[in-house]
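Observations on the three-dimensional arrangement
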Amino acid sequence: MSGPYLILLAANLVFATGYSVSRIVLTDIGPATLGLARTLIGAMLLLGWTAWRSGSHPRAMWTVGDRVRVALMGVVGFALAFGFGNWGLAHSTASNGALLITVEPTTLLVLAPLLLGEHLSRREMLGAALTLLGAVVVVVNGVPGLTRSLMPHWRGDLALILSGVAYAAYSLLGRGVLTRHPVAAVTAHSVVWGAISIAPLAWLEWRFGPPPAWTPAAIAGTLYMGVVITALGYGVWNWCLERVGAARVAAFVNLQPLAGALLGVWWLREPLTPFLAAGGVLIVAGLHLTVKAGRRG
């Protein structure tokens, strides 16, 4: 069990960088254009991966239900998640994007037992609760309305919350399919459906909005989002989801607010507050309990 947990740890640290990169790219190109570009890049790489791995896996029969689930994974997990996420980042901040990702693990922890029948041990439940509490402490970083303003970017933040729910739906839809089909094939087909569903939104953006400015920063950021976050990131995520389960991967998503906040402290010289330090301790303690219980299980 230690292998998937270690990979989840590294993957979520990488995911945390995506919010700052997206925020930079969105100054030059539109949200739907970024979503379409990164899914096209991811789809090409993942389809190549699928073709390369096709000979190493027995071909399982794809049912109509499997195909519908993968299509919904693409529509919800890419078109809706990227659409809400990019629009939210355009009207909020990169820090809020990293912080509000806590909506995703909360949704997974609530719905995975109901929809997938996944049950955590008491130690794992305690670990998940500690990581969620730590993430909330990091997100709040004070007392809303007293030590800091209350949702000054509420429109963008609402879109980011909906994006977190869509990301959680991707994992809930994919869990069953991943137990029957190779990770590469499921991930690749879901990304292809994501590109198909985002394309009309991108066309509307090109038709009625300003043209994208493909600056060097926009190109580099889009390539990073397509290769690292979409192709590699979703492939690794689904690999871990297949082995660990939706409820357990949820705890590790709470690393993203902590990593995003620490990145701001190191890179942007933002202050290291007691709330950030306390939240970080809770997240680390919760992950320790989760991993320890997983190994024992």
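Cut-offs used in this document
- Residues numbered from 1 in each chain as written.
- Predicted model: local features only at pLDDT ≥ 70, side-chain atom pairs only at ≥ 80, totals over all residues.
- Heavy atoms only, no water.
- Helix = DSSP H or I, 4+ residues; strand = E, 2+ residues; numbered from the N terminus.
- Buried < 20%, exposed > 50% of the residue type's maximum accessible area, 1.4 Å probe, protein only.
- Contact = heavy atoms within 4.5 Å.
- Areas by Shrake-Rupley, 256 points an atom, 1.4 Å probe, with all protein chains shown as cover.
- Patch = residues over 30% accessible without salt bridge, like charges linked within 9 Å, V, L, I, M, F, W, Y side chains within 5 Å.
- Salt bridge = Lys/Arg side-chain N within 4 Å of Asp/Glu carboxyl O.
- Core = buried A, V, L, I, M, F, W, Y, C linked by side-chain atoms within 4.5 Å.
- Axes fitted to C-alpha atoms, helices over the stretch in contact; angles between N-to-C directions.
- Parallel < 35°, antiparallel > 145°, perpendicular 65-115°, else oblique.
- Left-handed = near helix turned anticlockwise from the far one by under 90°.
- Nonpolar A, V, L, I, M, F, W, Y, C, P; charged D, E, K, R; others polar.

Re the overall build of the protein chain
For the protein chain, the helix and strand inventory stands at 13 helices and zero strands. Counting from the amino terminus, helix and strand elements in the protein chain follow one another as α-α-α-α-α-α-α-α-α-α-α-α-α. Burial analysis of the protein chain (297 residues in total) assigns 49% to the buried set. Partitioning the intrachain contacts of the protein chain with sequence separation of at least 6 by distance along the chain shows that 91% fall at a separation of at least 24. Of the roughly 13,900 Å² of accessible surface on the protein chain, a fraction of 72% belongs to carbon and sulfur atoms.

Things to note about a nonpolar patch on the surface
A cluster of nonpolar side chains, Val75, Leu80, Phe84, Leu158 and Leu162, forms an exposed patch at the surface whose accessible area comes to about 370 Å². Contributing elements (two or more residues each) for the nonpolar patch: α4 (64–91) and α8 (154–178). Of all the elements, α4 adds the most residues to the nonpolar patch, at three residues. For Leu162, the location among the structural elements is in helix α8.

As for the nonpolar core
Core analysis: the biggest nonpolar cluster contains 55 residues, and Leu8, Phe78, Phe82, Leu108, Trp237 and Val249 have the highest contact counts within it. If near-sequence neighbours (up to four positions away) are discounted, Leu108 is found in contact with Pro113, Ala168, Ser171, Leu172, Ala246, Val249 and Ala250. Among the nonpolar cores identified, the runner-up in size contains seven residues, and Val25, Leu26, Leu34 and Ala218 belong to it.

A closer look at the pattern of salt bridges
Under the counting rule described, the total for this entry stands at two salt bridges. Here Arg180 and Asp66 are joined by a salt bridge, their closest N and O atoms 2.6 Å apart. Here Arg180 is found in the loop between α8 and α9 (183–208), whereas its partner Asp66 is found in helix α4, with 114 residues between them in sequence. With a relative accessible area of 2%, Asp66 lands in the buried category.

Side note on the packing of α9 against helix α10 (residues 216–244)
Remark: α9 packs on α10, axes separated minimally by 9 Å, with the N-to-C direction vectors making an angle of 130 degrees. Looking at the two axes, α9 sits oblique to α10. Where α9 crosses over α10, the two elements pack in a sense that is right-handed. Seen from α9, the contacting residues are Val183, Thr187 and Val191; seen from α10, they are Thr230, Tyr234, Gly235, Asn238, Trp239 and Glu242. Of the residues contributing to the contact of α9 with α10, the split by class is four nonpolar, four polar and one charged.

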